Every structure is written in C-alpha cells, then in structure tokens.
Amino acid sequence: MSRKLNLRERYQRMTRDLAWEPSYQSKSDIYPQMEFEGIKIEDWDKWEDPFRLTMDAYWKYQAEKERKLYSIIDAFAQNNGHLNVTDARYVNALKLFLTGVSPLEYAAHRGFAMVGRQFAGVGTQVACQMQSIDELRHVQTQVHTISHYNKYFNGFHDFRHMHDRVWYLSVPKSFFDDAMSAGPFEFITAISFSFEYVLTNLLFMPFMSGAAFNGDMATVTFGFSAQSDESRHMTLGLEVIKFMAEQHPDNIPIIQKWIDKWFWRGYRLLTLVGMMMDYMLPKKVMSWREAWEIYFEQNGGALFEDLARYGLRMPKYWEQTIEGKDHITHQAWGIFYNYTHAAAFHTWIPDDEELDWLSAKYPDTFDQYYRPRFEYWREQAEAGNRFYNPTLPMLCQTCQIPMGFTEPGNPTTIGFRASDFDGNRYHFCSDGCKDIFDNEPQKFCQSWMPVHQIYQGNCGGATVPDVLNWYHLNFGVDNFDYAQSPDRQHWQQWKGEPAEESDAPDEAA
Amino acid sequence: MAVKAITPDYKGEAPDSVENFHGNIMFHVNWEKHLMFCAPLAFAMPPDAPFSTLLEETLPTAYGYHPDWKKVDWSTVEWTLDHEPFDPKHDASLEENGIVHRSLLRFTVPGAEGIAGSGS
C-alpha cells in the first residue's frame, strides 16, 4: 500500500538518494574543482542541511511571496508612489543601490549555480541551487523597481551597461568577479559566510529601514520579500564554515585567510552603504558608526567567540574598522562630491540640520576634520563656484576605491601602501588591501582599473563628456550637483514647490 | 606567494604596464594636508616632460581651486618621491628626476594646513 511521504522523507529522497556512486566516471572528473583550493572534505554526509526545504515547498513559498510583492509594486505604480518619498535627494541613494547591488544579485545567481554544480555533496548542491534561484528572483524584483523609478528620475536607464564600465561601479563589480573567479570553497566562504552572514545586516537593515523611513514602499517591499530568503542564506553561510572546519584541521588556516580577505573586501564595499546612511537619506535611520557597533562589534564579536572553538579568530585588521567607523563615510561622501560630474547620481552639501546631526553622531571627528571642508564647499557653491575635482584620482589596486582613506591614527594623512610585482608597482589604501594583493598578485595585477583605462585611451576619449558617453550617462542630466539637476526641477514641479533661485546656485553654471 | 589556480603555473597579464600608456608614464601626486582633494591624483605624461611643466601647468590646474594655493612657493616646498626625501631639478625631465611609471610624489607647503587648519 502506498503512503504519502512526509516532508522530511521527501527531502531525503531529493537529496541523499540522488547521490549515487558513479560507476564509469571518476569523482575527480565529475567534480574537477574540489581539490585545488586545499580544502579537505572527508564525509559529505556530515553536511547538516540548515533548511530542509523540498522543491515543491520552495516553489509554493516563493510563489506566495511573489504574489504579494507584485500586487504592492502594481499599487505603488498606479498611485504614483514615488511622489511619497521624503525628497528627491533620497532617490540618489536608490540609484547607487540599484545600479551597484542589483547586478551583484544576478552575479550571485550565476555564482551559486556554478558552485552548486561543483560541490561533491548533494545537500550542498541543493542548498546552492535554491540560493541561485533566490538571487535570480531578487534581481528581477529590483529590476521592476528600477523600471518604475526610471520613468521619473535620471540615472537608472542602463544599469547593466554601466556596471561594466562606470568607475565607482567597478568597486562592487570587482568584489563579485573576485569571488566568482575563485574556487567553489572560497566563493561560498566569501559570499555565504563573510558577506551574507557577517555583513549582510549592514546592507539590508539600514537600507530597508531607510527606505521605510523615507516613504519608499517599492524598495521596502522587495526588501521584505527578500528577507526570508536572506535568513536562509545566512544560515547556509554559518553551516558552510562549521562544516569545513569540522571536516579537517588543515582547513582552518585556509578558511581564516579567506575570512581575513573577504571581511576586508566587504568592509570596503560597505563604505558605500555607510555613506548612504549618513549622507543620502533625508530622514536618517542611524549612523554608520552606530550600525557598525551593533552589527559588527557586538554581533560579529559574539560570532567569532563562538567560532574560537574551531581555532578561528576575528578577521585581521578588524581593529582598524573600529577607528575607521568615525571617518570612512565622510571620506566617501567627499570622494563623490569631488567627482559627481562623472557619476550617475547627484551629490550635495548636507543642510545645517544634517551637519548638526553628523556633528552629534561623530563628536570626536566631524567638527574637527570634516565640517570645515563641507562648509567651505557650500560657501563656494553659493558663490557660483561649486567644486569639482578636475583630475582623475589615484585608485587602490584591490578595492578600486579612490585612495581617500586616511592612515589609522592620523586623520589628516592619506594611507599609502605599495607592492612591486613582476616589474610593476601597485598601490593600496590599507594593510588589508595590500595583503589581499600580496597573497594573489597573479590575480590582482589583472584588475581593470577605471582611471588607468581612461589614460590608456580605452574609454571613449579624454574628456569627461567622452567618457560619460562611453558609460552611457547623459552629460548635464545624470551628473553634477543635485542643486542644478533636472531631477530637482521635476520634483519641485510635481510637488508644486516654487523653484527658488537662492536654492539653485549652480543653475547658471 | 603563488595563486591557487586550477591551471598549472597560472599567470596573469598586467594591463597597466607602461607600454600600454602610449609613450606616457602614469604617476601620482598628493598635496599633504589638503584633503578637500579627496584622494591623491593620477597623471599621464611623457617621461621627457620637464619637471617645471608639472609645477607651472599641471599642478596649478589640479590644485589651484584651493585658497592655500597662493601660499605655494616652490623654493620652500618639501617633496618626497616614493617615500624618500626628494629635491627636484626643475629644468630636468621627469625621468631625469627619477620619476618612473607608478611613482608617488608627495609635497608639503610650509604654513598651509588646509581650510581652517583642518587638513582639508
């Protein structure tokens, strides 16, 4: 008599029972990437599935989420939901998020599909393949949001093309390209553990709360829809580390090196998120400093105490992030203020209330080091002399961010590091970025550095309009200060606000 | 240290070797304590360009916006080249001054501490 299988039995059938022993091909031919990274797996059956989800249950849950999501996105569009955001300045945070992060969701879809094929354990294969489908769903939902905002605001129109070319988008792009061109064990340590488990709260929490605070229900909706997937991804990240650590003691130093590398790469990437929190949200949620204290110092500290039993320790150079939390967002906003004439979003000087908020949130640094430069820039902009840096910046070879970070312990001096490799010199912003290069110079000497490519004549020409044309940005529309932007003019028209001359000092420039 | 690669003896091509810059070298300049310029700068110039071109044309265009620029007196400016003390010969070329592809020049203007002394 046949009986219906329960969920657990169905899961067992879907996973372990699929793992037959091959008879006419060797395992090393079927899974050719399992050995070269040096990770030793003795028994794939020890993999504890963090979520015993069968495919039919997965489709059912995801379909429910999709139905809710798309009904809200439709309602948002029909009700002109974009008019309910706090201020059109907010949309610039979205531009950066949706052009910087959405292509990474797609890259994650590809990456997990690739490693799901390579892992020799079937439980791991299934977990990676489900995450691969999740990531494809995330990019789709975000593209719908891009599509809506693109009808009303500038800078969203060609995010795929921009991702491969625009100088600051090379920061997130190179992060993921680095992971995808590593082996499967490094990829999953980088993305599932270091990013999803240790750092993702710093991406999603401030961004989704920021969207809610600022009336952006389209973004809140895809955030909530993705959130239950994210908690599954985080669980996978922790399981991956514990599984590798328990399989063989030789794995520990390899894993530690990856944690050191990917923590630092993630920290540099999240500088952009911190900058959004401190500067781009008209209504602030919390400061970057506060978020780092909660989500890394407290939560991350507890995690690494727990992992100490495997012989794993806090990521190298974490102490520098504690000092850096008082500086990096101000330095990053300064970078974009310098080069907003070459960006697909607008920048501005915080108003007095916002400057006071920054002074209060950063009592040890803001008034001394950063407020004077913002006030000077504002004074100059009001006099019709808005600052744009006319020369291309020096970049860090590893994180690809302009070398705007200061030396630990010395906030008025840029940090410089360098390495010589194979007849060339390479420059870095920090010890963390230099170590990453020094461990794999054959890889990082190949980086596609936007500034160097412009000087080699590979980016459409030598002038800013030439290069923006090659980026597919519209000169005079997508770039320059918010004060003079068409976005701002449209916003004032839609909201019935008078365009005050004094509010737009650069109008004539 | 060798990269762990699935291909034996894996080696990457470096796209930023000097021969890809069409006769120029790319080098970097930083004006210390003036972080209103958010990062050090990158320039591509022929190695036989006189150092004086840098002082008279290139750097004034790059840094002239700053109110401290009027305090610059090249006879008192302190330089380092690749982190070593450096006394440039203004009439000699970049190359003759020892500036090579990916060199880093840093200069300090005595008495110039940035906007309101903040290092900006």
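The structure this text deals with has already been given above.
A brief structural summary.

### Quick notes on the overall build of chain B
The helix and strand inventory of chain B stands at 1 helix and 5 strands. Starting at the N terminus and ending at the C terminus, chain B contains elements arranged as β-β-α-β-β-β. Structurally, chain B occupies a C-alpha span of about 55 × 35 × 25 Å along its principal axes. A buried classification covers 32% of the 120 residues belonging to chain B.

### Section: the interface of chain B and chain A
With 39 residues of chain B in contact, the opposing surface of chain A contributes 44 residues. For the side of chain B that touches chain A, the secondary-structure elements that each account for two or more residues are β1 (25-31), β2 (41-45) and α1 (51-63) of chain B. Its residues assigned to classes, the side of chain B that touches chain A comprises 22 nonpolar, 10 polar and 7 charged.

### Examining the packing of helix α3 (residues 55-78) of chain A against helix α6 (residues 122-150) of chain A
Residues and elements named next belong to chain A. Where α3 meets α6, the axes come as close as 11 Å, and the angle between the chain directions of the two elements is 5°. Relative to α6, the element α3 is oriented roughly parallel. In this structure, α3 contributes Y58, Q62, L69, I73, F76 and A77 to the contact, and α6 contributes M130, R137, T141, H144 and H148. Class assignment for the residues of the contact of α3 with α6 results in 6 nonpolar, 4 polar and 1 charged.

### A few points about the environment of H144 of chain A
Residues and elements named next belong to chain A. Relative to the elements of secondary structure, H144 occurs in helix α6. Look at H144 and you get partly exposed, because 17 C-beta atoms sit within 10 Å. Along the sequence, H144 and S181 sit 37 residues apart, while their C-alpha atoms lie 29 Å from each other.

### With respect to the sheet that holds strand β3 (residues 78-81) of chain B
Residue and element names in this part refer to chain B. Strand order in this open sheet of 5 strands is β2-β1-β5-β3-β4, and the pairing throughout is mixed. Both edges of this open sheet fall to β2 and β4 (84-86), since each of them pairs with a single strand only. The average undirected angle you get between the axes of adjacent strands in this sheet is 30°. Looking at chain direction, β1 and strand β5 (residues 104-108) are connected through 4 bridges and run parallel. Of the residues in β5, the one forming a bridge with V29 is L105.

Cut-offs and rules
- Residues numbered from 1 in each chain as written.
- Chains lettered and ligands numbered in written order.
- Predicted model: local features only at pLDDT ≥ 70, side-chain atom pairs only at ≥ 80, totals over all residues.
- Helix = DSSP H or I, 4+ residues; strand = E, 2+ residues; numbered from the N terminus.
- Buried ≥ 20, exposed ≤ 12 C-beta atoms within 10 Å, placed from the backbone.
- Contact = placed C-beta atoms within 7 Å.
- Nonpolar A, V, L, I, M, F, W, Y, C, P; charged D, E, K, R; others polar.
- Axes fitted to C-alpha atoms, helices over the stretch in contact; angles between N-to-C directions.
- Parallel < 35°, antiparallel > 145°, perpendicular 65-115°, else oblique.
- Pairing = 2+ DSSP bridges.

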